[in-house]
Amino acid sequence: MERINTKWVAAAASIWIQSFSGATYTFAIYSSILKSSQSYDQSTLDFVSVFKDIGGTFGIISGFLYTAMTSKSRGFGGPWVVVFVGLVQWFVGFFFIWASVVGLIAPPPVPLMCLFVFLAGHSLPFFNTANVVTAARNFSQYGGTAVGIMQGFLGLSGAILIQLYHAVCGGEGNPATFILLLAIVPTLVMFLAMPFVRVYETVTISDKKHLDGLSAISMIIAAYLMVVITVENVLGLSRSMQIFSFILVLLLLASPLLVAVRALREKRQTLSSLDGPVLDTSALLDPPSSNIFPDGDHLVAEDSNILEAMSTVNFWLLFLAMLCGMGSGFATVNNMRQIGESLRYSSVQLNSLVSLWSIWNFLGRFGAGYVSDTFLHKHSWPRPIFMAITLGVMAIGHIIVASGVQGSLYAGSVLIGMAYGSQWSLMPTITSEIFGIRHMGTIYFTISIAGPIGSYILSVKVIGYFYDKVASEDDNSCFGSQCFRTSFMIMASVALFGSLVASVLFFRTHKFYKNLVAKRNLK
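The name recorded for the protein chain in an unreviewed UniProt entry is Major facilitator superfamily (MFS) profile domain-containing protein, from Arabidopsis thaliana. If you open the UniProt record of the protein chain and go to Subcellular location (unreviewed entry), you find "Membrane".

1. Here we look at empty space enclosed by the protein
To find the voids left in a structure, one rolls a probe of water-molecule size over its atoms. Under the criterion given, the structure shown has five cavities of 30 Å³ or more. Counted as a void, the largest cavity has a volume near 100 Å³. In terms of lining residues, the largest cavity is bounded by 14 residues, among which Tyr30, Lys52, Phe94, Ala120 and Gly121 are the most central. When residues of the lining of the largest cavity are traced back to their parent elements, those giving at least two are α2 (27–37), α5 (79–102) and α6 (110–138). Examining the composition of the lining of the largest cavity, we find that four residues originate from one element, α6, more than from any other. Its residues assigned to classes, the lining of the largest cavity shows 10 nonpolar, three polar and one charged. Each pocket or cavity is described by its volume, and for the second largest cavity that value is around 70 Å³.

2. Let's talk about the nonpolar core
Core analysis: the largest hydrophobic core is formed by 149 residues, its most contacted members being Phe94, Leu156 and Met387. With 14 residues, the single largest contributor to this core is helix α7 (residues 143–169). Split by domain, this core shows at least three residues from each of two domains, domain 1 (5–265) and domain 2 (301–522). Ignoring sequence-local partners within four residues, the contact set of Met387 consists of Leu318, Ala321, Met322, Gln423, Leu426, Met427, Ile430 and Ala502.

3. What to know about the pattern of salt bridges
Tallying each qualifying case throughout the model produces four salt bridges. The partner of Lys209 in a salt bridge is Glu266, and the shortest N-O contact between them spans 2.8 Å. Taken together, the residues Lys209 in helix α9 (residues 207–234) and Glu266 in helix α11 (residues 256–273) connect sequence positions 57 residues apart. Judged by relative accessible area, Lys209 falls into the partly exposed class, the value being 43%. Look at the salt bridges and you will find they share partners, linking Asp373, Arg383 and Glu433 into a network.

4. Some words on the environment of Arg508
Along the chain, the position of Arg508 falls in helix α21 (residues 485–522). The partly exposed category is assigned to Arg508, whose relative accessible area is 22%. Counting along the chain gives 195 residues from Arg508 to Val313, while the straight-line C-alpha distance between them is 9.5 Å.

5. What to know about the packing of α7 against helix α18 (residues 408–435)
Two elements in contact, α7 and α18, have axes separated by 9 Å at closest approach and are oriented at 140°. One finds that α7 runs oblique with respect to α18. The two elements α7 and α18 cross, and the hand of that crossing is right-handed. Together, Gly143, Gly144, Val147, Gly148 and Gln151 of α7 and Trp424, Ser425, Pro428 and Thr429 of α18 make up the contact between the two elements.

6. Quick notes on helix α19 (residues 440–448)
For α19, the tally of buried residues reaches nine of nine residues, placing the bulk of the element in the interior. Inspection of α19 places Met440, Gly441, Thr442, Ile443, Tyr444, Phe445, Thr446, Ile447 and Ser448 among the buried residues, and these make up the whole buried set.

7. As for the side chain of Gln151
Summarising the element assignment, Gln151 is placed in helix α7. Residue Gln151 is classed as buried on the basis of its relative accessible area of 0%. Polar side-chain contacts of Gln151 include one of 2.9 Å to the backbone oxygen of Trp424.

8. Quick look at the packing of aromatic side chains
Following the criterion strictly, the structure yields 28 aromatic pairs and no others. Centre to centre, the rings of Phe330 and Trp424 are 6.3 Å apart; their planes meet at 75°, and the pair counts as edge-to-face. Here Trp424 lies in helix α18 and Phe330 lies in helix α14 (residues 313–334), a separation of 94 residues in the sequence. Residue Trp424 is classed as buried on the basis of its relative accessible area of 4%. An aromatic cluster is built from Phe91, Phe95, Phe96, Trp98 and Phe116, whose rings are joined through pairwise contacts. The ring centre of Phe27 lies 5.3 Å from the NZ or CZ of Lys52, which sits over that ring. Geometry around Phe479 places Arg344 over its ring, the cationic atom sitting 4.1 Å from the centre.

9. A word on the packing of helix α1 (residues 7–19) against α9
In contact at an axis separation of 12 Å, α1 and α9 are set at 25° when each is read in the N-to-C sense. Comparing the axis directions of α1 and α9 gives the class roughly parallel. Our pair here, α1 against α9, has a crossing hand that is right-handed. Between α1 and α9, the residues in contact are Lys7, Trp8, Ala11 and Ile15 and Asp207, His210, Leu211 and Leu214, respectively. Taken together, the residues of the contact of α1 with α9 break down into five nonpolar, one polar and two charged.

10. Focus: helix α8 (residues 175–193)
In an α-helix there are 3.6 residues to a turn, and that puts residues three or four apart on one side. An ideal rise of 1.5 Å per residue puts 27 Å on 19 residues; α8 measures up with 27 Å between its terminal C-alpha atoms. Within α8, the axis deviates most sharply at Leu181, by approximately 30°. Of the positions making up α8, those classed as buried are Ala176, Phe178, Ile179, Leu181, Leu182, Ala183, Pro186, Thr187, Met190 and Ala193. In this fold, the buried residues of α8 make contact with α1, α2, α5, α6 and α7.

11. Remarks on unusual backbone geometry
Look at Ser39: it is not a glycine, yet its phi comes out positive at around 60°. Structurally, the position occupied by Ser39 is in the loop between α2 and α3 (42–57). Exposure remark for Ser39: the relative accessible area of 66% places this residue in the exposed category.

Procedures and definitions
- Residues numbered from 1 in each chain as written.
- Predicted model: local features only at pLDDT ≥ 70, side-chain atom pairs only at ≥ 80, totals over all residues.
- Heavy atoms only, no water.
- UniProt positions renumbered as here; feature names shortened; annotations may be inferred.
- 1 Å grid on protein atoms, 1.4 Å probe; cavity = no way out; pocket = protein on both sides within 12 Å on 5 of 7 lines; lining within 4 Å.
- Points joined across faces, edges and corners; volume = space filled by probe spheres on them.
- Helix = DSSP H or I, 4+ residues; strand = E, 2+ residues; numbered from the N terminus.
- Nonpolar A, V, L, I, M, F, W, Y, C, P; charged D, E, K, R; others polar.
- Core = buried A, V, L, I, M, F, W, Y, C linked by side-chain atoms within 4.5 Å.
- Buried < 20%, exposed > 50% of the residue type's maximum accessible area, 1.4 Å probe, protein only.
- Domains from an automatic or database assignment.
- Contact = heavy atoms within 4.5 Å.
- Salt bridge = Lys/Arg side-chain N within 4 Å of Asp/Glu carboxyl O.
- Axes fitted to C-alpha atoms, helices over the stretch in contact; angles between N-to-C directions.
- Parallel < 35°, antiparallel > 145°, perpendicular 65-115°, else oblique.
- Left-handed = near helix turned anticlockwise from the far one by under 90°.
- Polar contact = N/O pair within 3.5 Å; in protein donor to acceptor, adjacent residues only side chain to side chain.
- Phe/Tyr/Trp six-rings, centres within 6.5 Å; stacked < 30°, edge-to-face > 60°.
- Lys NZ or Arg CZ within 6 Å of the ring centre and 35° of its normal.
- Expected span 1.5 Å × (residues − 1).
- Bend = angle between axes of the 7 residues up to and from the residue.

Structure below.
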């Protein structure tokens, strides 16, 4: 059992789960058929999509469940229980969305459809909590890189799921079939992988090297997917080539096992030579003697519970920054297809745009974790500075999309996607460092609730309102850059405000991060 009971096998299993759990980012693929089959207008579709975002970020329950299932006093349980609870919600949600679209059941009332969409989305916090928090605990010295890898594969999962869709259904495909695939295939993958997701509270001197190996694999997969998507968009791919390219994706996803095998081999060699002992890091997870980490006027508390965290200014600064960043990011991806249709993009171009969003999302998630870790360890740069920078970049992306010039949606989505993905890597890592890792899952997803709140305001009250205002009264359609220009200028202002809020957090925590680096260097 030693071969499979390692944190590297756990990391590989988490990567597989993350790689198939990002259906949130493929909503644009089936949003049109959901809209037409249920006779929704744009505001109603945006309203329904918000419940996907609410479910996808409402992780308080998953956080409490993870804490309970991984407590040292509990003999039964583990992260796999959290994954399983998410798995049930995933299948039920997507199955009934599919049944509604194809007419297997009568068109449900809007509140009931919101429930189906909520369940499908609410599975994500359970997967994310189990995988991200476990990675942060297993690789505590390089939490930014580990969290970035897990969040990066979640970002890539949208492109992976669309490649699955093309392999099964061909280029144009049938969006209803895609919903059925979402209900079945990821369910099987996650069910097989979940028993291997476990907590191993150890640190070895080779952690950085093997994490770099997983990072390299993730970059190779991202580069391969980008090439496939580009070729598919420009030249087109035959059905056989689409199947072959997806098989290669599956082989690449199996390669993290090679890292696990190499790590096991090195561990045996290390133990046999008594070189580089494994250090128990359980002390890092225990409450410190003083719950307040010195930083000016006691701004940072370690191992805070959710109520203690919510009583701090830092919590609400993070919340407000995420309200602006995640909210405008959600609003963009939810309306990606409608924006493309208003600019008369073809179906293949729209699918490619959604797939490429997953690549930019991945680069932001992985890159922000890796780069912020590097600058933190080498130069003691506080992570919030990268949050401020990326939100500024997001504002620029919104302005580019608002311009409506040819190719603006492609160029703007690159910046918005990378900046949006960065928040999902930076925010949980900052949360674990400022408030401690013990209650990380609960605090992290409580802050994430800011995303759907911002998404509701920006999607329904801004994008939906201004779209319906200029849309045709006959079929509620709109064509031209005027359909979304005002909305994206407003979202640019919101993202810029979020950047200023993150800058305030940077100035409040810069002393804390210097002390944190010094503390880690002494270990």
